[in-house]
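Survey of secondary and tertiary structure
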Amino acid sequence: TDVSLGGPQNATDLARIDGMSQSARVVAMGEATHGTHELLSLRNRIFQSLVAHGVTAIALETGFQDALAVDTYLQSPNGGDPPDSIVRAMVAYSNDGRGRGRTENRELLRWMHAYNTAHPTQRLHFYGFDLSGRAARGGFPKAARTVSAALEYVRRVDPAEARRLSDQLGTRLGGFRSRSYAVADRDYDRLSAEERQ
């Protein structure tokens, strides 16, 4: 699409990055701080430029399972603004109650969805390369979502193994419940260190 992320571009401001990345299969970027507007805006523009050169996916520091929900949104035919739940799932560290980076993340998702609508044979994908369910305060109070998704897959391919795993987990899975990354969860906090492990 002709939509530009992060403001107007000129023909040369990303030329050096384009030149360095043309033959790369993976392009990695770091950031000095989480949620800084300028860095996220630049990330969006660089990704848009890379897509013009054939890149088809972006992977961010978010949970693997959380990223599946984001990618499902990107592959859906329904347009419109990404739901808040999808924007929050996009990057775990933006769930600190301060909304850091949500505007830029929403812009990136909006652009990726529009791109997928306009290019149905070369769709963009979103991946997470972090552990799902981790909270800023430590521990994994949202791990149940990831474990439940894995068990659901095992149920489809090997029901007997899924029953064995469910029996092994017992009631502990119920303790891994949380409504927010930022809010302490009493059920999770009641688990012993051994149960959490």
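Going by the structure above, here's the rest.
Presented here is a report on the structure given in the accompanying data block. On a predicted model such as this, the values are computed, not experimentally measured, just so you know.

So, the overall build of the chain
Check the secondary structure of the chain and you find 10 helices and 2 strands. Listed N to C, the secondary structure of the chain is α-α-β-α-α-α-β-α-α-α-α-α in terms of helices and strands. Total accessible area on the chain is roughly 11,700 Å²; 53% of this is exposed by carbon and sulfur atoms.

Some thoughts on the side chain of Asn116
Looking at where Asn116 falls in the secondary structure, it is placed in helix H5 (residues 102-118). The contact partners of Asn116, leaving out residues within four places of it in the chain, are Leu74, Gln75, Arg123 and Leu124.

Re the packing of helix H3 (residues 64-75) against H5
Running from N to C, H3 and H5 cross one another at 45°; their axes reach a closest spacing of 8 Å. In terms of orientation, H3 and H5 fall into the oblique class. Where H3 abuts H5, its residues Val70, Tyr73, Leu74 and Gln75 lie against Leu109, Met112, His113 and Asn116. Of the residues contributing to the contact of H3 with H5, the split by class is 5 nonpolar, 3 polar and no charged.

What about the side chain of Ser76?
Structurally, the position occupied by Ser76 is in the loop between H3 and helix H4 (84-90). Residue classification places Ser76 among the buried residues on the basis of a relative accessible area of 18%. Not counting the four nearest positions on each side in its chain, Ser76 is found in contact with His113 and Arg123.

A few points about the environment of Arg155
Among the structural elements, Arg155 can be located in helix H6 (residues 143-157). Under the relative-accessibility criterion, Arg155 is labelled partly exposed at 39%. Separated by 10 residues in sequence, Arg155 and Leu165 have C-alpha atoms that sit 10.0 Å apart. Residues in contact with Arg155, not counting those within four places in the same chain, are Ala162 and Ser166.

Let's talk about the pattern of salt bridges
Under the criterion given, the structure shown has 5 salt bridges. Arg164 is the salt-bridge partner of Glu161, the closest N and O atoms lying 2.8 Å from each other. With Glu161 and Arg164 both in helix H7 (residues 159-169) and 3 residues apart, this pair spans about one turn of that helix. When its relative accessible area of 27% is taken as the criterion, Glu161 is described as partly exposed. Each of Asp81, Asp84, Arg106 and Arg110 takes part in salt bridges that share partners, so that together they form one network.

Some remarks on H3
In this model, H3 (12 residues) spans 17 Å end to end at C-alpha, consistent with the 16 Å of a helix rising 1.5 Å per residue. Of the positions making up H3, those classed as buried are Gln65, Asp66, Ala67, Val70, Asp71, Tyr73 and Leu74. In the core, the buried residues of H3 are packed alongside strand S1 (57-63), H4, H5, strand S2 (125-130) and H6.

Thoughts on the nonpolar core
Phe47, Val70, Met90, Leu109, Met112 and Phe126 are the most contacted members of the largest nonpolar core, which totals 20 residues. When contributions to this core are tallied by element, the ones reaching two or more residues are helix H2 (37-52), S1, H3, H4 and H5. With 5 residues, H5 is the largest single contributor of residues to this core. If sequence neighbours within four positions are ignored, Leu109 has contacts with Val70, Tyr73, Leu74, Pro82, Ile86, Val87 and Met90.

Let's talk about H2
With 16 residues, H2 should cover 22 Å at 1.5 Å per step; its first-to-last C-alpha distance of 23 Å lies within 8% of that length. Those residues of H2 lying buried are Leu40, Ser41, Arg43, Asn44, Arg45, Ile46, Phe47, Gln48, Ser49, Leu50 and Val51. Here the buried face of H2 lies against helix H1 (15-21), S1, H4 and H5. Looking one or two places after H2, you find Gly54, whose phi comes out positive at around 105°.

Basis of the calculations
- Residues numbered from 1 in each chain as written.
- Predicted model: local features only at pLDDT ≥ 70, side-chain atom pairs only at ≥ 80, totals over all residues.
- Heavy atoms only, no water.
- Helix = DSSP H or I, 4+ residues; strand = E, 2+ residues; numbered from the N terminus.
- Areas by Shrake-Rupley, 256 points an atom, 1.4 Å probe, with all protein chains shown as cover.
- Contact = heavy atoms within 4.5 Å.
- Axes fitted to C-alpha atoms, helices over the stretch in contact; angles between N-to-C directions.
- Parallel < 35°, antiparallel > 145°, perpendicular 65-115°, else oblique.
- Nonpolar A, V, L, I, M, F, W, Y, C, P; charged D, E, K, R; others polar.
- Buried < 20%, exposed > 50% of the residue type's maximum accessible area, 1.4 Å probe, protein only.
- Salt bridge = Lys/Arg side-chain N within 4 Å of Asp/Glu carboxyl O.
- Expected span 1.5 Å × (residues − 1).
- Core = buried A, V, L, I, M, F, W, Y, C linked by side-chain atoms within 4.5 Å.

Purely spatial values, then, with no claim about function.
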